[in-house]
Amino acid sequence: MQLLKSNRKSPVFYVVFVIFALYALSLIFPFLWAFMTTFKTEGEFINNKAYFPKVIDWTNYIDAFRTLSANDTNMFVMLFNSVWWSVGSTVLAVCASTMSAYVVAKYKFPGRQVIYGVAIFTMMLPIVGAMPSQYTVYSALGILDNPLMLIATIGGFGFNFFVLYGFFKSLPWDYVEASFLDGGGHFSTMVRVMLPMAMPVMTSLAVVAFIGVWNDYNTPIVFLENYPTLASGLYLYQNATMQHSIDIPLLFAGVLMSIIPVVALFCIFQNSIMNISFGGGLKG
Amino acid sequence: MKSTQFKIKDRMPKTFRKGMPLFIISMLAVPVAWFIVFYVVVNFNSIILAFRSIVGVSSVGTPVYEWGFGNFLKFFEDFVLDTGDVQISLWNTLKYFALNVLCILPLTYFFAYFIYKKIWGHKFFRILFYMPSILSAVTMTTIYKNILGGYGPIDEFWKALTGNSIPAFFTSYELGTPIIMIYQVWVGFGVNMILYQGAMGRIPEEVIEAGKLDGISWWREMFQVVTPMIWGTLSTTLILAFTGLFNSSGPILLLTNGAFHTSTINFFIFNQVYRYSEYAYPAAIGLFFTVISLPIVFGFRALMNKLDPKVEY
């Protein structure tokens, strides 16, 4: 077996390969075990933790929707909450960043440098513990535990801003000029000419943002108490149930189902997700 | 490349200059308004909260405040007298920070190098090692806890082998934080690994070839050729690690709920809000650590810029 394409003689590569393989196993094995466990009944699991189930029975996947609940919300509703919360905040965040990045990158106006500078500066500030203040401000705004919490996720000058700013900066202005000469206005030029070109970047950013929000349990736990998402709800369920009385196979069916959308998105957008990873890094 | 910056004077037909201010304002209105309310006001409010304590209730039922350093004094008192989890939270935070800078980042770099050198199976490893950073922490910790916890499969195997149970990792004062740290390493390579690999992929082939002709070993290639070539990326990840110094933590809530001396500053502040509905006290703690970390972060940035080998290619 040809183990390496370069440095063929170095034994280090064999050692590292073994380390990689062991680490890979440590990632795969727990998921296989969890998957296998979902086919067991609770009783079967108690007597047989490590070995194969007797029969392949998918009932846990159906029962999970009925049984797993948090704050009187079953898993169907959690799924629904996860969808509107993740889709909503992703759309808002990407739109806001696109608008700000487009204008700051492409138009000269007073204050443009200030906006860019402030955006860089805020990214460098090591702020610890904004949550107490967030809680009181959101409470004053009346958006706590309310779908209006979505507006707190808008942003517009963070990581997405810098990626899109760099992208728009690299687009020649000629396209816009041509559109103007054809009678297009500022807004229609942006929507019809520039945004179609930015679509791949916006899509990658949206996928990354969606995954982040889908997985985030902190925000919904604190700020969306009565709208548990899959992430926060499946934690709250475990927290509210005594450890020994949790039906582990059922719980595993729930937590494994909760990662399906993310895994599907990753399979479709794998390359763009991994390439968007901070292209140029943070310059400043 | 052509100028990409729009110049009003020579490139914009007159008729369109009119609509420009309105367009710019309408595009920036929402992001700027958001920034003012959700960044400026929130952080300003943090400062107000930190310096204000409720001392009573007025005759009409509104709270009466007293301004001063009360919240900070309470924090110092709690720290010195070691009440609550304040002291342990700071030590644990520093442990997670050290783990990140001294173990996870170097290991990530090491992993990235060998994947960059196209070790057998590199495509598969690259994707698999990235997976923990996109899978939900709730799912990962649920499985982790049940596999390593009492009566799990590891425990069963261990019992069959030795006749003894494995230690109760998640309910132990000695092992609680170490087991969360191991979790952090287990899931910690993804994003930075992709980042390092991307940077390594941009190194010109000739540079690597030249080293090969000189017959240098892998570690000399790694440290003396690759490291200076990707310095920009390396220092960015280190600066980000320092920026997050006092936010260093693991998924404490999910694994131990802060019990068994596993709290961190990040978790402590979260818990004050979530469990105790306290806002002023944690805001003061946050402000204190923000101020402390400012010189550290900016000093470290300056140091990194000084160390920059300034390789251009």
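Residues numbered from 1 in each chain as written. Chains lettered and ligands numbered in written order. Predicted model: local features only at pLDDT ≥ 70, side-chain atom pairs only at ≥ 80, totals over all residues.

**A word on the overall build of chain B**
Part 1 of the argument: For chain B, the count of helices and strands is 16 helices and two strands.
Part 2 of the argument: For a compact globule of 313 residues, the expected C-alpha radius of gyration is about 20 Å, and chain B comes in at 26 Å, more than 25% above that figure.
Part 3 of the argument: Taken over the C-alpha atoms alone, chain B extends approximately 85 × 80 × 35 Å along its principal axes.
Part 4 of the argument: Put simply, 66% of the contacts in chain B that link residues at least 6 apart link residues at least 24 apart. (Helix = DSSP H or I, 4+ residues; strand = E, 2+ residues; numbered from the N terminus. Rg over C-alpha atoms; globule rule 2.2 N^0.38 Å. Contact = placed C-beta atoms within 7 Å.)

**Digging into the domain arrangement of chain B**
All names here are of chain B.
Part 1 of the argument: Annotation of chain B at the domain level lists domain 1 (8-50) and domain 2 (84-307).
Part 2 of the argument: Taking only C-alpha atoms, the centre of domain 1 and the centre of domain 2 are 37 Å apart.
Part 3 of the argument: Every contact between the two is made by four residues of domain 1 and, on the other side, six residues of domain 2. (Domains from an automatic or database assignment.)

**Overview of the confidence of the model for chain B**
Residue and element names in this part refer to chain B.
Part 1 of the argument: Confidence along chain B averages 90 in pLDDT terms, with 94% of residues attaining 70 or more.
Part 2 of the argument: Per-element confidence in chain B is highest for helix H9 (residues 176-187), whose mean pLDDT is 97, and lowest for helix H1 (residues 8-11), whose mean pLDDT is 48.
Part 3 of the argument: For this predicted complex, the interface confidence score (ipTM) comes to 0.91, while the overall pTM stands at 0.91. (pLDDT = per-residue confidence, 0-100.)

**Points about the interface of chain B and chain A**
Part 1 of the argument: At the junction of the two partners, chain B supplies 82 residues and chain A supplies 81 residues.
Part 2 of the argument: The dominant element in the side of chain B that touches chain A, judged by the number of residues it contributes, is helix H3 (residues 20-50) of chain B, at 17 residues.
Part 3 of the argument: When the residues that make up the side of chain B that touches chain A are grouped by side-chain class, the tally is 56 nonpolar, 20 polar and six charged. (Nonpolar A, V, L, I, M, F, W, Y, C, P; charged D, E, K, R; others polar.)

**A few points about the environment of Thr237(B)**
Residues and elements named next belong to chain B.
Part 1 of the argument: Secondary-structure assignment places Thr237 in helix H13 (residues 231-243).
Part 2 of the argument: Taking C-alpha positions, Thr237 is 16 Å from Pro309, a pair spaced 72 residues apart along the chain.
Part 3 of the argument: Discounting residues that sit within four places of it in the chain, Thr237 has contacts with Leu105, Asn192 and Leu195.

**Topic: the pairing of strand E2 (residues 63-67) of chain B**
Part 1 of the argument: Across the five residues that make up E2(B), only a small minority, zero, are buried.
Part 2 of the argument: Joining the antiparallel neighbours strand E1 (residues 52-57) of chain B and E2(B) is a turn of five residues, in which Gly61(B) adopts a positive phi near 95°. (Buried ≥ 20, exposed ≤ 12 C-beta atoms within 10 Å, placed from the backbone. Pairing = 2+ DSSP bridges.)

**What about the pairing of E1(B)?**
Part 1 of the argument: Here E1(B) pairs with E2(B) via five bridges, running antiparallel. Pairing of Ser53(B) across the sheet is with Glu66(B), part of E2(B).

**With respect to the packing of helix H1 (residues 12-37) of chain A against helix H12 (residues 248-258) of chain A**
Residue and element names in this part refer to chain A.
Part 1 of the argument: Packing of H1 against H12 leaves a shortest axis separation of 8 Å and a crossing angle of 120°. With respect to each other, H1 and H12 are oriented oblique. Between H1 and H12 lies a crossing whose hand is left-handed. Residues Ala34, Phe35 and Thr37 of H1 touch H12, and the partners they reach there are Ile248, Pro249, Phe252 and Leu256.
Part 2 of the argument: Along the lines of polarity and charge, the residues of the contact of H1 with H12 split into six nonpolar, one polar and no charged. (Axes fitted to C-alpha atoms, helices over the stretch in contact; angles between N-to-C directions. Parallel < 35°, antiparallel > 145°, perpendicular 65-115°, else oblique. Left-handed = near helix turned anticlockwise from the far one by under 90°.)

**Let's talk about helix H10 (residues 190-201) of chain B**
Residues and elements named next belong to chain B.
Part 1 of the argument: Across its 12 residues, H10 extends 17 Å between first and last C-alpha, which sits within 8% of the 16 Å expected from 1.5 Å per residue.
Part 2 of the argument: Extensive coverage of H10 is indicated by the burial of nine of its 12 residues.
Part 3 of the argument: Among the residues of H10, those classed as buried are Asn192, Met193, Ile194, Leu195, Tyr196, Gln197, Gly198, Ala199 and Met200. (Expected span 1.5 Å × (residues − 1).)

**Brief notes about the environment of Asn239(A)**
Residues and elements named next belong to chain A.
Part 1 of the argument: Topologically, Asn239 is positioned in helix H11 (residues 230-240).
Part 2 of the argument: The class of Asn239 is partly exposed, set by 13 C-beta atoms lying within 10 Å.
Part 3 of the argument: Separated by 169 residues in sequence, Asn239 and Ala70 place their C-alpha atoms 9.4 Å apart.

**A short note on H1(A)**
Part 1 of the argument: Relative to the 38 Å expected for 26 residues at 1.5 Å per residue, H1(A) spans 37 Å between its end C-alpha atoms, a close match to the ideal helical length.
Part 2 of the argument: Looking only at H1(A), the buried set comprises Phe13(A), Val16(A), Phe20(A), Ala34(A) and Thr37(A).
Part 3 of the argument: Where H1(A) is buried, its residues meet helix H2 (42-47) and H12 of chain A together with helix H5 (86-116), helix H6 (122-130) and helix H7 (137-148) of chain B.

**Thoughts on the confidence of the model for chain A**
All names here are of chain A.
Part 1 of the argument: Per-chain confidence: chain A averages 89 in pLDDT, with 93% of residues scoring 70 or above.
Part 2 of the argument: Low pLDDT (under 50) marks residues 1-7, which in the prediction has 13 contacts with non-local residues, meaning those over four places away or in another chain.
Part 3 of the argument: Below a pLDDT of 50 lies the segment residues 279-284, which in the model reaches eight contacts outside its immediate sequence neighbourhood of four places, other chains included.

**Remarks on the packing of H11(A) against H12(A)**
Residues and elements named next belong to chain A.
Part 1 of the argument: Interaxial distance between H11 and H12 falls to 10 Å at its minimum, and their mutual angle equals 165°. With respect to their mutual orientation, H11 and H12 come out roughly antiparallel. The two elements H11 and H12 meet at a crossing, and its hand is left-handed. Contacts from Leu230, Leu234 and Gln238 in H11 reach Leu251, Gly254, Val255 and Ser258 in H12.
Part 2 of the argument: In the contact of H11 with H12, the residues fall into four nonpolar, three polar and no charged.

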